[in-house]
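Coordinate inspection notes
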Amino acid sequence: MPRSFGRRALLRWTGAATLAAVATPIVAACASAPPTAAPTAVGSAASGAAATKPATGGTPQAAAPATGGATSQLRLNIRSGPYNDAWAKVGDLFKQKFPSVELKWEPFPASELTQKLETMAAGNTIGDLYFINTFQMDHQRFGALGIAKALDDYAKKDAIDWSQWFKVAVDQLYANGKLYGMLDGASPGRAGLYYSVEMFQEAGIPEPDESWTLDKLAEVGQKLSKDGKFGFRPLAGSAPELLIWVRAFGGDIYSKDGKKATVNTPEAKAGLTWIYDGMYKTKFMPLPDQAKDGFSTLFAAKKLAMHNSGTWDANASNATKVKWNIVPLPKGPTGIRGSMAEANTICVTSQSKNPDMAWEFAKLDASKEGGIFHLDLGVTPGGRPDVYNDSKVQEKYFWMKQWAKIWEGALPFNGPANYRGSEASDTMQQGFDALWIGQAKPDGDIFDKVNAAVQKVLDKPA
Amino acid sequence: MIGARRAARAGSRGGLRRREAIEGFLLVSPWGLGLLLFIVGPLLASAYLSLAEYSVLRPPRFVGLDNYAKALFEDPIFWQAIQRTSLYVVMLVPLGLAASLGCALLLNRGVRGTNLFRTLFFLPTLTPIVAGAILWTWIFQPEVGLLNYALRAVGIQGPRWLSSYEWALPSLVIIGLWGSVGGSRMIIFLAGLQGVPQELFDAAAIDGANNWQKFRNVTLPMISPTMLFNLVLGIIAAFKVFAVSYVATGGGPAYSTWFFVYHIYNQAFKYSQMGYASALAWIFCVVILAFTFLQFRLSNRWVHYEGEREDRL
């Protein structure tokens, strides 16, 4: 007599099967948990000791074209949008050279990129190459933490000629004395003075030139500020933005070793007071909320004559349909032009299964061709004099001539020695917000308060 | 033979109960496993991490209660975040409850177009918070924003809203109200109102009660359990405010909208201080638990349950 398969039996078997299905991978995972990732201890930045263990597993192999044989793969963790498109163009070059290497793109939005990379590195799932930047010190921190592979041996083997790139940009590739990437792109910071040619012509005022000082900027800015128009919009939020004004007055926001906050020095006070006065006394600058969505709305409406920014805003300026031009940001009373070299980097991960090919890709990305691809796609161009000074490039992109000039005097990068750039920047931004919203005056103790708060961040361990 | 044995087993009540229990456990096991793996596991992990220094990429290092001490005695933003969050809760919750109850009362009158109004009131709840926040940043724009434009039309110079230290927080309260007044809270109030027996209103009318007296002495006591439910959930939700400050103000200006969860988020995901962020999260959990406990204790004084014995009051 055949046995009936009833409801209860069905439940029993289903339950058992579910349990087995769930339990098997868990038990398997527990039994064969992979060893924790390569991240190593961060060296004490304060001591300057190169405590980070090089993640290289040995000398690099000769990067012979991978013709024939098994197909290998490179996973690229890149910022989505035009950065991804620029890497894709570099990828086309790479495929010509290494046709058997498969490229797998894994783009992430800019706002999530750092966290994604960090999480993937912790979970041993990061790809072979990643994109990051230096201005909040994520590149340096990732290098020191061992997420990136030290590339000194590769650079030595290929006898890389570092003079191909701007020195102040190359310097940022290092952490604890080791090379942790190549230059994807670089700019001298928010050191360009963009201006509306039409607004100057309509007002009958000569256009800005290199001889301008910040005093002249204030004087002309006031003339242009009437009928709801503003003469100049400064970038004055994050630390790299504030730094421009502090440097123009002879100061800096951190000491050279990155261990001391210096936003309460007379120079820093003078620099930031210049912005405050522009907003509240001479009123030729919009308040932060009057240009909350950036410069473009005011600029397009011909209500803003000038603003400062980096290379990346050239395309945004084009989009406003306003006839515009650019000159180096005027010098401060000390004769210094405020700037700070910043870099985007391409790094080989210490977990890469194919570091030799990853290095080859990084070199191509940092090449002149790679640098121009970036420019073509509207993102920070390659940090190379031969990109900025190329006559064809300058012909096609008129602003590049001015940026080449700005590069000549670009000041070096400076950030916290403990790599807490983001935290220090937030502390500075929230602290000085009180000035820009009129909650505090520059003659009060705001500078000491913010300095003390930033110092607390700098005193934290790396 | 087998059939006889089965019949004997089936006859055994103990066996049946055991089998049903096993089947019950099997049925809930997927949920139970999920609970263990994705809720209890991370909870225990965060409890441990709150006692450790942990930056994701390095193994946790046990530091005892250092993270808690740091939060309470060293972190200047901690108390500021507590203060700003509490202020937000104090402003949003009473206003939100009153407005939701008001909407529910209007809908409960059974006027024509009730369904349309219910849908309209509910619509903001369906709008993603990020989209809503971005929309409101435009409305609050001091120069060209809709709100100040309307205020100017009646001769009032509006404030700088999101860019003002004093007004940024109330602005976020307005966004919070817009997104929550007509939502589930209103629906729950409506259900509570529809559960109030008509005979109580009839009796009150016979006693000569006017509308306000009926509302004060009949409606409010009868919906007080609903009120408690909405109050508890409302306070918890308000304490957890995050997205609106993340999108609309970035915690500023000058920390004026730097809420507690925003502080936790920054510590965890921006500054990679997972251990410290875990400690902050546990402190936050204790604060919310304390508030909830307090509300339940105080509820004895004002919440009335239908059919409840007098001596329990």
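Residues numbered from 1 in each chain as written. Chains lettered and ligands numbered in written order. Predicted model: local features only at pLDDT ≥ 70, side-chain atom pairs only at ≥ 80, totals over all residues. Heavy atoms only, no water.

1. Digging into the overall build of chain B
What chain B contains, in helices and strands, is 15 helices and two strands. Here chain B has a C-alpha radius of gyration of 26 Å; the compact-globule value for 313 residues is 20 Å, and the former is much larger. Each principal axis of the C-alpha atoms in chain B carries an extent, and together these give about 95 × 75 × 40 Å. Per-residue burial for chain B yields a buried fraction of 41% across its 313 residues. For chain B, long-range pairs separated by at least 24 residues make up 65% of all intrachain contacts whose partners lie at least 6 apart in sequence. When the accessible area of chain B is evaluated, it comes to approximately 17600 Å², of which 68% is carbon and sulfur surface. (Helix = DSSP H or I, 4+ residues; strand = E, 2+ residues; numbered from the N terminus. Rg over C-alpha atoms; globule rule 2.2 N^0.38 Å. Buried < 20%, exposed > 50% of the residue type's maximum accessible area, 1.4 Å probe, protein only. Contact = heavy atoms within 4.5 Å. Areas by Shrake-Rupley, 256 points an atom, 1.4 Å probe, with all protein chains shown as cover.)

2. Concerning the interface of chain A and chain B
How big an interface is tends to be stated in terms of the accessible area lost upon association of its parts. Across the contact, 39 residues belong to chain A and 39 residues belong to chain B. Buried surface at the junction of chain A and chain B, both sides included, amounts to about 3200 Å², of which 54% is carbon and sulfur. For the salt bridge of Asp 289 of chain A with Arg 160 of chain B, the shortest nitrogen-to-oxygen distance reads 2.8 Å. Joining chain A to chain B, the criterion identifies 16 residue pairs in polar contact (both at pLDDT 80 or more). Contributions of two or more residues to the side of chain A that touches chain B are made by helix H1 (7–31), helix H3 (110–122), helix H4 (138–145) and helix H18 (421–436) of chain A. (Buried area = accessible area lost by both parts, 1.4 Å probe. Salt bridge = Lys/Arg side-chain N within 4 Å of Asp/Glu carboxyl O. Polar contact = N/O pair within 3.5 Å; in protein donor to acceptor, adjacent residues only side chain to side chain.)

3. Section: the pattern of salt bridges
All names here are of chain A. Across all of its chains, the model carries 23 salt bridges over all chains by this definition. A salt bridge links Glu 106 to Arg 75, with the shortest nitrogen-to-oxygen separation between them at 2.6 Å. Of this pair, Glu 106 sits in strand S2 (residues 101–108) while Arg 75 sits in strand S1 (residues 72–79); the two residues are 31 residues apart in sequence, bridging distant segments of the chain. Pair check on accessibility: Glu 106 and Arg 75 agree, each one buried.

4. Regarding the pairing of S2 of chain A
Sheet analysis places S1 of chain A next to S2 of chain A, joined by eight bridges and oriented parallel. Each bridged residue has a counterpart across the sheet, and for Leu 74 of chain A the counterpart in S2 of chain A is Leu 103 of chain A. (Pairing = 2+ DSSP bridges.)

5. Side note on the side chain of Thr 311 of chain A
All names here are of chain A. Relative to the helices and strands, Thr 311 is located in the loop between strand S9 (304–309) and helix H12 (313–319). Residue classification places Thr 311 among the buried positions, given a relative accessible area of 8%. The residues contacting Thr 311, other than those within four sequence positions of it, are Ser 187, Pro 188, Tyr 194, Thr 380, Pro 381, Tyr 388 and Trp 403.

6. Considerations on the nonpolar core
In this structure, Leu 74, Trp 274, Met 306, Phe 361, Met 428, Phe 432 and Trp 436 of chain A are the most contacted members of the largest nonpolar core, which totals 139 residues. With seven residues, the top contributor of residues to this core is helix H9 (residues 239–248) of chain A. In terms of nonpolar packing, the next biggest core, distinct from the first, is built from 62 residues, Tyr 68, Leu 172, Val 181 and Leu 193 of chain B among them. (Core = buried A, V, L, I, M, F, W, Y, C linked by side-chain atoms within 4.5 Å.)

7. Regarding a nonpolar patch on the surface
A cluster of nonpolar side chains, namely Leu 116, Phe 117, Leu 120, Leu 123 and Leu 126 of chain B, defines an oily patch on the protein surface of about 500 Å² accessible area. Here Phe 117 of chain B is to be found in helix H5 (residues 114–126). (Patch = residues over 30% accessible without salt bridge, like charges linked within 9 Å, V, L, I, M, F, W, Y side chains within 5 Å.)

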